[in-house]
Amino acid sequence: MTKTAPTNIDGSKIRSWIFDPSTPGYAFLTLEEVLAAFDTTSRTLLDWRSSGFPQPISIPGNRVYNVEAIREFLKEKQRESVRSTRAALK
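Residues numbered from 1 in each chain as written. Predicted model: local features only at pLDDT ≥ 70, side-chain atom pairs only at ≥ 80, totals over all residues. Heavy atoms only, no water.

## A few points about the sheet that holds strand 1 (residues 28-30)
Phase 1: Taken together, 3 strands build an open sheet; the order of strands is 1-3-2 and the sheet is antiparallel. Every other strand in the sheet has two partners, leaving strand 1 and strand 2 (57-59) as the edge strands with one partner each. The average angle at which neighbouring strand axes cross in this sheet is 45°, direction not considered.
Phase 2: Strand direction decides the pairing type here: strand 1 and strand 3 (residues 62-66), joined by 3 bridges, are antiparallel. Each bridged residue has a counterpart across the sheet, and for T30 the counterpart in strand 3 is V64.
Phase 3: Helix-sheet contacts for helix 4 (residues 67-89) involve strand 1 and strand 3, and the interaxial angle to strand 3 is about 45°. (Pairing = 2+ DSSP bridges. Helix = DSSP H or I, 4+ residues; strand = E, 2+ residues; numbered from the N terminus. Axes fitted to C-alpha atoms, helices over the stretch in contact; angles between N-to-C directions. Contact = heavy atoms within 4.5 Å.)

Here it is, written out as structure tokens:
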């Protein structure tokens, strides 16, 4: 069964929190929070992992995602996009 983003978690607030420089890089998000932040399903998240999305970290009672690892993944995707756009314009 594929999990979907829960409707009671505000994904836009979580996205703001991820990109807020005052949010410490050692902070963590639950699976449900990641799904809500990116408005996606657990199946899509599994597909993203094959392209470098961070693996969850197991802690007692939960699996969580490191905020800094998510930031790095998004930065790399942005760099890839810029490189491919520049290459297409040449």
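## Looking at helix 2 (residues 31-38)
Phase 1: All of the buried residues along helix 2 are L31, V34, L35, A36 and A37.
Phase 2: On its buried face, helix 2 is in contact with helix 1 (11-19), strand 1, helix 3 (42-49), strand 3 and helix 4.
Phase 3: Immediately beyond the C-terminal end of helix 2, within one or two residues, lies D39, with a positive phi of roughly 45°. (Buried < 20%, exposed > 50% of the residue type's maximum accessible area, 1.4 Å probe, protein only.)

## Things to note about helix 4
Phase 1: Here helix 4 contains 23 residues, and its C-alpha end-to-end distance of 33 Å stays within 8% of the 33 Å for a straight helix at 1.5 Å per residue.
Phase 2: All buried positions along helix 4 are accounted for by V67, I70, R71 and F73.
Phase 3: Tucked into the core, helix 4 has its buried residues touching helix 1, strand 1, helix 2, helix 3 and strand 3.
Phase 4: Between the side-chain oxygen at the start of helix 4 and the backbone nitrogen of E68 there is a gap of 3.0 Å, and the oxygen is on N66. (Expected span 1.5 Å × (residues − 1). Polar contact = N/O pair within 3.5 Å; in protein donor to acceptor, adjacent residues only side chain to side chain.)

## Brief notes about unusual backbone geometry
Leave glycine aside and you will find that most residues have negative phi; peptide bonds, for their part, are mostly trans.
Phase 1: The backbone phi angle of D39 is positive, close to 45°, even though this residue is not glycine.
Phase 2: Mapped onto the secondary structure, D39 falls in the loop between helix 2 and helix 3.

## Regarding the nonpolar core
Phase 1: L29, V34, L45, F53 and Y65 are the most contacted members of the largest nonpolar core, which has 15 residues in total.
Phase 2: Considering every element that reaches this core, the biggest residue donor is helix 2, with 5 residues.
Phase 3: The contacts of L45, once residues within four sequence positions are left out, are L31, V34, L35, F53 and Y65. (Core = buried A, V, L, I, M, F, W, Y, C linked by side-chain atoms within 4.5 Å.)

## A closer look at the pairing of strand 3
Phase 1: Across 3 bridges, the pairing between strand 2 and strand 3 is antiparallel. Residue pairing in the sheet places I59 in a bridge with N62 of strand 3.
Phase 2: From the end of strand 2 to the start of strand 3, which pair antiparallel, there are 2 residues, and G61 there has a positive phi angle of about 85°.

By themselves these figures say nothing about function.
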